Amino acid sequence: MNLPNKITLTRIFMIPVFVAVFYCGYLSKWCFLASAIVFLLAAATDALDGYIARSRNLVTNFGKFLDPIADKVLVSTALIVILTIPTAFQVVLYGSLGIVAAGVCVSLILARELIVSGFRIIAAGRNLILAADKFGKIKTVTQDLAIALILVAMTFVGTRAGGILSVIGQVLLAVSTLLTVISGVHYLVKNKAVLKDEEPPKEEEAGE
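Residues numbered from 1 in each chain as written. Predicted model: local features only at pLDDT ≥ 70, side-chain atom pairs only at ≥ 80, totals over all residues. Heavy atoms only, no water.

Let us now look at the overall build of the chain. When helices and strands are tallied, the chain shows six helices and zero strands. Secondary structure elements of the chain occur, N-terminal to C-terminal, as α-α-α-α-α-α. Looking at the chain alone, contacts between residues at least 24 apart form 80% of all its contacts between residues at least 6 apart. When the accessible surface of the chain is split by element, carbon and sulfur atoms take 70% of a total near 11500 Å². (Helix = DSSP H or I, 4+ residues; strand = E, 2+ residues; numbered from the N terminus. Contact = heavy atoms within 4.5 Å. Areas by Shrake-Rupley, 256 points an atom, 1.4 Å probe, with all protein chains shown as cover.)

This is how it looks when you write it as structure tokens:
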């Protein structure tokens, strides 16, 4: 296993660490800030492993498969645990509607990732490896920023700074959701040939 793949695995191993630190927020709000740092460090490994793989010509099919999976698991886990302590979504003027909006955004994001993952399974069954495109990377960065800001906002909930960070984080979450849906449609359309049924082999004509 090469270095980029090891870094990708490190990102996956950091996910339970993130969850543990996040739920320590019940003991101290500063743990939300610490979890934001852990999350950003894990997210940063995405750019690092990609850079090393390309610069050293270490791109592998395993890496193309594992890297987007690691991103999806990290982001999905963060969004789900945040919804279990939705304080950051309650500090804005529209109150509980913030939680509803966040729930809709998270549902759309998870639905998109499940659909794309199913698409990749079909492609794998046909011995095709579909790497993430640049459009998908943009939505991932936007999601990461939204999650980080919301985590920081949870640290300062009840303060003016916390309210401002919460609003910015929720706006970014909405933008990232839109980008997620658009990138998902773009990904499916771009690789629509994967869904085409393979033509059965033609039978040999009699006498040949």
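Once the structure has been displayed, the description carries forward.
What follows is about helix 4 (residues 97-125). In this model, helix 4 (29 residues) spans 42 Å end to end at C-alpha, consistent with the 42 Å of a helix rising 1.5 Å per residue. Contact partners of the buried residues in helix 4: helix 3 (61-84), helix 5 (134-155) and helix 6 (160-190). The first or second residue beyond helix 4 is Asn 127, which carries a positive phi of 60°. (Expected span 1.5 Å × (residues − 1).)

Our focus in this paragraph is the packing of helix 1 (residues 3-23) against helix 3. The contact between helix 1 and helix 3 brings their axes to 9 Å, and the two run at 5°. It follows from the interaxial angle that helix 1 and helix 3 lie roughly parallel. Partitioning the contact of helix 1 with helix 3 into residue classes produces 15 nonpolar, five polar and three charged. (Axes fitted to C-alpha atoms, helices over the stretch in contact; angles between N-to-C directions. Parallel < 35°, antiparallel > 145°, perpendicular 65-115°, else oblique. Nonpolar A, V, L, I, M, F, W, Y, C, P; charged D, E, K, R; others polar.)

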